Amino acid sequence: MEWEEPGILLEARAYGDADLIVSVFTSGQGLHKGLVRGGASRRQVALWQSGNLLALRWTGRLPEQLGHLTGESIQAIAPGAMEEPLSLALLRAACAVAAGALPEREPHGQSFAALLHLLPRIATHHATPADLVRFELTLLSDLGYGLDLATCAVTGASQGLTRVSPRTGRAVSEEAAGAWRDRLLPLPGFLRPGANETGAAPEDWRDALRLTGHFLERDAFGHHHRPLPEARRHLYQLVETRIAEANAPSRSG
């Protein structure tokens, strides 16, 4: 048995002295694992870095076996992301979320396309947490846990949406929220109907990460009885730190 397809390296862990067990994501095969002989060697280690786009070949005697993977570079994403802390945090979070939330060997073409669009933007430092959140919304939808942020769950209105129900994932207008406002999740402006991320502030990033993080943890990761990945939690903390630093009183004299 074998297949050949371009894919994204999501994670790699050591296996023995020089081998790796890797998780890759392709459009046709979905999340797929395999053994890479010599993957941790000096010659190959740069190839098997999270986020890199590779031409992959998997072989196995039976379809259900772990099998062996080989790869050639199509686009190196990791080196560019490592030059800037936020980009590196975004890369690690995106790959960890995909690796942990996706079921093995099930195609999820929309999620693959969304991640494939996101990674080059991360590598060139053009991506923000808002871009990651949009990928996470696509992933949630692709897995059957999509949020409805287009209309108010109470009134049906598409204007004045400011909150999201943590139970149903549906948007709620400021007027309809009423006394329940503090029990609902904030809906940042760039996720409202007709909006875009231009001008989104770090506070908007934080609220958006909190929003998708809630549903990822409850549904996508909860389904597998796993916590939200540490890399994803680290990104949230990084954004909170930037907000705190920006709001700290300046010292003079």
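The paragraphs below set out a description of the structure included in this document.

### Side note on the packing of aromatic side chains
Taken as a whole and assessed by the stated rule, the structure comprises one aromatic pair. Between F25 and F112 the ring centres are 5.4 Å apart and the planes differ by 90 degrees, which places this aromatic pair in the edge-to-face class. Here F112 lies in helix α3 (residues 109-123) and F25 lies in strand β2 (residues 19-26), a separation of 87 residues in the sequence.

### Topic: the pairing of strand β1 (residues 2-15)
Relative to strand β4 (residues 53-59), β1 is paired through seven bridges, and the arrangement is antiparallel. In the sheet register, I8 faces β4, and the bridge partner there is L53. Linking two consecutive strands that pair antiparallel, namely β1 and β2, is a turn of three residues; a positive phi of about 75 degrees is found at G16 within it.

### Concerning the nonpolar core
Judged by nonpolar contacts, the single largest core of 64 residues is most densely connected at L10, L115, L132 and L191. If one sorts the elements of this core by residue count, helix α2 (residues 85-101) sits on top with 11 residues. Not counting chain neighbours up to four residues away, the residues in contact with L115 comprise I8, L10, F25, A94, A98 and F135. Judged by nonpolar contacts, the second largest core, of 12 residues, contains V36, L54, L56 and L69.

### Things to note about the environment of A200
As for its placement among the helices and strands, A200 is situated in the loop between β8 (185-186) and α6 (202-223). Given the relative accessible area of 18%, A200 is considered buried. Note: C-alpha distance between A200 and F190 (10 residues apart in sequence) is 6.6 Å. When near neighbours in sequence (up to four residues on either side) are disregarded, A200 contacts F190 and W205.

### Looking at the environment of N52
Along the polypeptide, N52 turns up in the loop between β3 (30-36) and β4. Contact partners of N52, with chain neighbours within four places excluded, come to G7, I8, L9, A46, L47, Q75, A76, I77, A78 and P79. At 2.9 Å, the side chain of N52 and the backbone nitrogen of I77 are in polar contact.

### Quick word on α6
Under the 1.5 Å per step criterion, the end-to-end length of α6 is 30 Å for 22 residues, consistent within 8% with the ideal 32 Å. For α6, the principal kink sits at L216 and spans about 40 degrees. Summarising the contacts, the buried residues of α6 are in contact with α2, α4 (129-142), β6 (161-164), β8 and α7 (230-247).

### So, the packing of α2 against α4
Their axes nearest at 10 Å, the elements α2 and α4 cross at an angle of 10 degrees. Here α4 runs roughly parallel to α2, going by the angle between their axes. Judged by residue contacts, L86, L90, A93, A94, V97, A98 and A101 of α2 engage P129, L132, F135, E136 and L139 from α4. When its residues are assigned to classes, the contact of α2 with α4 shows 11 nonpolar, no polar and one charged.

### A word on the pattern of salt bridges
Per the stated rule, a full pass over the model turns up 13 salt bridges. Two residues, R37 and D19, come together in a salt bridge whose shortest N-O distance is 3.1 Å. Within this pair, whereas R37 is found in the loop between β3 and β4, its partner D19 is found in strand β2, the two being separated by 18 residues in sequence. By relative accessible area, which is 52% here, R37 ends up exposed. Two residues, D182 and R181, come together in a salt bridge whose shortest N-O distance is 3.9 Å. Take D182: its relative accessible area is 70%, and that puts it in the exposed class. Using a relative accessible area of 32% as the deciding quantity, one classes R181 as partly exposed. When salt bridges that share partners are traced, they join E2, E4 and R57 into one network.

Definitions and limits used
- Residues numbered from 1 in each chain as written.
- Predicted model: local features only at pLDDT ≥ 70, side-chain atom pairs only at ≥ 80, totals over all residues.
- Heavy atoms only, no water.
- Phe/Tyr/Trp six-rings, centres within 6.5 Å; stacked < 30°, edge-to-face > 60°.
- Helix = DSSP H or I, 4+ residues; strand = E, 2+ residues; numbered from the N terminus.
- Pairing = 2+ DSSP bridges.
- Core = buried A, V, L, I, M, F, W, Y, C linked by side-chain atoms within 4.5 Å.
- Buried < 20%, exposed > 50% of the residue type's maximum accessible area, 1.4 Å probe, protein only.
- Contact = heavy atoms within 4.5 Å.
- Polar contact = N/O pair within 3.5 Å; in protein donor to acceptor, adjacent residues only side chain to side chain.
- Expected span 1.5 Å × (residues − 1).
- Bend = angle between axes of the 7 residues up to and from the residue.
- Axes fitted to C-alpha atoms, helices over the stretch in contact; angles between N-to-C directions.
- Parallel < 35°, antiparallel > 145°, perpendicular 65-115°, else oblique.
- Nonpolar A, V, L, I, M, F, W, Y, C, P; charged D, E, K, R; others polar.
- Salt bridge = Lys/Arg side-chain N within 4 Å of Asp/Glu carboxyl O.

In short, the description is geometric, and any link to function would need to be established separately.
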